[in-house]
Amino acid sequence: MYSMRIAVVCAALLPLTGALPVLAQGEWSVTRTMHIGGEGGWDYLTVDAATHRLFVPRSTHTQVIDADSGKVLGDIPGQKNAHGVALVPSLNRGFITDGGGDGAILIFDLKTYAVLGKLATLPDSDGIIYDAALGRILAVSGDKGVLMTFKADIDPKNGKIDPPIELGGAPEFLASDGTGKVYINIEDKDVVAVVDLNAKKVIARWPVAPGGKPVGMAMDKKNHRLFIGCRNPQKMVVMSAEDGRVMEALPIGAGVDAAQVDEGIAFASCRDGSLVEAAVKDGHYAVAETVKTPLGARTMGLDPARHKLYMPTAEFEPAAAGARPKAKSDSFMIVEVGKN
């Protein structure tokens, strides 16, 4: 994955049900910046809230960072193009998608960070999550257009993934409801594909219009809402996870790459240095505020216990006309956003 995206669609404004909190404006801000350093890009950041650790893919390696001190606790090698991390504390295992070459998912020990094994997957292995209710790892291959699944207790050296499920397009990120339904952004088709894991097939395709190119996704399981970050048009789409109705479509910044939801408050992180925050107002989701973040802070991880967001980025060289700015060497950092 290059990015996670969020979209809120503004079709007919349908009333929201469920006790969703209303956010006071100016409640969140950048509270700290941790200068980490090290070489490599970055993608999806995963938070282990119980141990206050951050797992950050850095292209050919994955750093483990103490969220309190900013100290690098470990560095997991052996990837070609790392994208995301899923954690299974009950099994003391972590899983890293490696989209380089033929594709792989690396399995590591959560305490020692030792590599336990590597599963053969498919090229461009990207977004990855763990569904604790089902005990399964779920990941997507962007190039092959499939959902890949396997049990979290798989043999790390000899195990094989389940037969992939065809999605009919290029997937980005995903969410699971814990009962066997998986929701997957299909970036090149402007839809959310709904997969029934029991039937092993796509059972619905829900358009994200007026958003487009959906990448980031988060799910409010209690209230059956999907929050979808879209890049073009730039929207945060609020969608019913029951029937695919677009409930709102909110404006966001350029280059969204991730979405999160914390107690009904939704966030979309954008490359242009904006973190858009949406909350319920008068029965509908609306933009509550936009937090200024550093350029390039396009992905994020959530600590739901401490209500903090962690956003990886770096300092950048001046960009030539029409070119993307290049990150300065050894300038990688984590920006913490929290409640004031």
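Heads up: the structure comes first, above all this text.
Everything in this summary refers to the structure shown in the same document. (Residues numbered from 1 in each chain as written. Predicted model: local features only at pLDDT ≥ 70, side-chain atom pairs only at ≥ 80, totals over all residues. Heavy atoms only, no water.)

Quick look at the side chain of H307
So, point 1. Take H307: it is sitting in the loop between β26 (301–303) and β27 (308–313).
So, point 2. Here the side chain of H307 touches D262 through a polar contact of 2.8 Å, side chain to side chain.
So, point 3. Beyond its immediate stretch of four places on either side in the chain, H307 contacts W28, D262, E263, V337, G338 and K339. (Helix = DSSP H or I, 4+ residues; strand = E, 2+ residues; numbered from the N terminus. Polar contact = N/O pair within 3.5 Å; in protein donor to acceptor, adjacent residues only side chain to side chain. Contact = heavy atoms within 4.5 Å.)

With respect to the environment of P163
So, point 1. Looking at the element boundaries, P163 is found in the loop between β12 (146–151) and β13 (165–166).
So, point 2. When its relative accessible area of 68% is taken as the criterion, P163 is described as exposed.
So, point 3. Sequence separation between P163 and Q260 is 97 residues; the distance between their C-alpha atoms is 29 Å. (Buried < 20%, exposed > 50% of the residue type's maximum accessible area, 1.4 Å probe, protein only.)

Quick notes on the environment of D162
So, point 1. Locating D162 in the fold gives a position in the loop between β12 and β13.
So, point 2. Sequence spacing of D162 and S29 is 133 residues, and the spatial spacing of their C-alpha atoms is 43 Å.
So, point 3. Once residues within four sequence positions are removed from consideration, D162 is found in contact with R136, T149 and F150.

Some details on the sheet that holds β26
So, point 1. Strand order across the open sheet formed by four strands is β1-β28-β27-β26, with antiparallel pairing between neighbours. Lying at the two open borders of the sheet, with one neighbouring strand each, are β1 (28–35) and β26. Averaged over all neighbouring strand pairs, the angle between strand axes comes to 25°, with direction disregarded.
So, point 2. Relative to β27, β26 is paired through three bridges, and the arrangement is antiparallel. (Pairing = 2+ DSSP bridges. Axes fitted to C-alpha atoms, helices over the stretch in contact; angles between N-to-C directions.)

Things to note about the packing of aromatic side chains
So, point 1. For the structure on display, the rule yields eight aromatic pairs.
So, point 2. Relative to F150, the ring of F95 lies with its centre 5.8 Å away and its plane at 55°, an arrangement referred to as tilted. Remark: F150 occurs in strand β12 and F95 occurs in strand β7 (residues 93–98); sequence separation between them is 55 residues.
So, point 3. An aromatic cluster is defined as three or more aromatic residues linked by ring pairs; in this entry it consists of W42, F316 and F332.
So, point 4. Positioned above the aromatic ring of F332, the side-chain terminus of R58 is 3.7 Å from the ring centre. (Phe/Tyr/Trp six-rings, centres within 6.5 Å; stacked < 30°, edge-to-face > 60°. Lys NZ or Arg CZ within 6 Å of the ring centre and 35° of its normal.)

Comments concerning unusual backbone geometry
So, point 1. A cis amide bond links A209 to the next residue, P210, at an omega of 15°.
So, point 2. By the secondary structure assignment, P210 is in the loop between β17 (201–207) and β18 (214–220).
So, point 3. Looking along the chain, the bond that leaves N232 and enters P233 is cis, with omega of -5°.
So, point 4. Summarising the element assignment, P233 is placed in the loop between β19 (225–231) and β20 (234–240).
So, point 5. A positive phi is found at D190, a non-glycine position, where the angle reads about 60°.

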